[in-house]
Amino acid sequence: MLPFIVSRNAQLNQEFGFFPTAPPHAQGGLFELRTYQLKPGTLLEWESTWRRGIEARRKFVAPVGAWFSQIGRLHQTHHLWQYPDLQTRKELRQKAWQIDGWAETVSKTSKLAETMDSFIMSPLSFSPLK
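Criteria and thresholds
- Residues numbered from 1 in each chain as written.
- Predicted model: local features only at pLDDT ≥ 70, side-chain atom pairs only at ≥ 80, totals over all residues.
- Heavy atoms only, no water.
- UniProt positions renumbered as here; feature names shortened; annotations may be inferred.
- Pairing = 2+ DSSP bridges.
- Helix = DSSP H or I, 4+ residues; strand = E, 2+ residues; numbered from the N terminus.
- Axes fitted to C-alpha atoms, helices over the stretch in contact; angles between N-to-C directions.
- Contact = heavy atoms within 4.5 Å.
- Phe/Tyr/Trp six-rings, centres within 6.5 Å; stacked < 30°, edge-to-face > 60°.
- Buried < 20%, exposed > 50% of the residue type's maximum accessible area, 1.4 Å probe, protein only.
- Lys NZ or Arg CZ within 6 Å of the ring centre and 35° of its normal.
- Core = buried A, V, L, I, M, F, W, Y, C linked by side-chain atoms within 4.5 Å.
- Patch = residues over 30% accessible without salt bridge, like charges linked within 9 Å, V, L, I, M, F, W, Y side chains within 5 Å.
- Areas by Shrake-Rupley, 256 points an atom, 1.4 Å probe, with all protein chains shown as cover.
- Salt bridge = Lys/Arg side-chain N within 4 Å of Asp/Glu carboxyl O.

For the chain, an unreviewed UniProt entry supplies the name Nipsnap family protein and the organism Coprinopsis cinerea. UniProt annotates the chain under Sequence similarities (unreviewed entry) with the comment "Belongs to the NipSnap family."

**So, the sheet that holds strand E5 (residues 113-121)**
Adjacent strands of a sheet pair through backbone hydrogen bonds, lying either parallel or antiparallel. Overall, antiparallel pairing links the five strands, which are arranged E1-E3-E4-E2-E5 in an open sheet. Each having just a single partner strand, strand E1 (12-15) and E5 make up the two edges of the open sheet. Taken pair by pair, the neighbouring strands of this sheet meet at an average axis angle of 25 degrees, ignoring direction. Pairing geometry for E1 and strand E3 (residues 63-71), over four bridges, is antiparallel. Bridging across to E3, Gln-14 finds its partner in Phe-68. Strands in contact with helix H2 (residues 86-97) are strand E2 (30-38), strand E4 (76-83) and E5; relative to E2, the strand with the most contacts, it is inclined by about 50 degrees.

**Observations regarding the packing of aromatic side chains**
Enumeration according to the criterion identifies nine aromatic pairs in this entry. Aromatic side chains Phe-16 and Phe-68 sit 4.9 Å apart centroid to centroid with 50 degrees between the ring planes, which places their arrangement in the tilted category. Taken together, the residues Phe-16 in the loop between E1 and E2 and Phe-68 in strand E3 connect sequence positions 52 residues apart. Here Phe-16 and Phe-68 have matching classes, each one buried. The rings of Phe-16, Phe-18, Phe-19, Tyr-36, Trp-46, Trp-50, Phe-68, Trp-81 and Trp-102 are connected pair by pair, giving a single aromatic cluster. Across from the ring centre of Trp-81, 4.1 Å away, lies the NZ or CZ of Arg-57, which sits over that ring.

**Side note on the nonpolar core**
In terms of nonpolar packing, the biggest core is built from 20 residues, with Phe-16, Phe-19, Trp-46, Trp-50 and Trp-81 touching the most fellow members. It is helix H1 (residues 43-58) that contributes the most residues to this core, four residues altogether. What Trp-50 contacts, discounting residues up to four positions off in sequence, is Phe-18, Phe-19, His-79, Trp-81, Trp-102, Thr-105 and Thr-109.

**Digging into a nonpolar patch on the surface**
A cluster of nonpolar residues, Met-1, Leu-2 and Ile-5, forms a patch on the protein surface that exposes about 400 Å² of accessible area. Among the secondary structure elements, Leu-2 is positioned in the segment before E1.

**Describing the pattern of salt bridges**
A full pass over the atoms with the stated rule returns five salt bridges. Arg-89 is paired through a salt bridge with Glu-32; the nearest N and O atoms lie 2.9 Å apart. Taken together, the residues span a long stretch of sequence, with Arg-89 in helix H2 and Glu-32 in strand E2 at a distance of 57 residues. Looking at Glu-32, the relative accessible area reads 0%, which means it is buried. Between Arg-58 and Glu-55 there is a salt bridge whose closest N-O contact spans 2.9 Å. Of this pair, Arg-58 and Glu-55 are both found in helix H1, three residues apart, which corresponds to roughly one turn of the helix. Judged by relative accessible area, which is 29%, Arg-58 ranks as partly exposed.

Encoded structure:
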């Protein structure tokens, strides 16, 4: 495998207390992992804002979990969501924008981030989630 590895990194993360990790909700579907590189010193503000606004998203989809970095690349947060398919993801995200509090949460937290990434992942054939 060595010729195919271009880079690698390791990170130790801690779960957010207000956003407990849950097992995946069903087999199959897809997962979205969102990662935010925060500006140094803004983690507590990000957490406080998300703590208030996350209920708008939970009305439509239950999160799998959310974590922040402790070792490795610091000032990062990650959250993981599960959807049956991309169309459902799109529809549920659009509905969340209609709920009071979600647009404000996104507006405030996006100002705290230097970069934002979204990865769509599908369980492999040998995964117990398939």
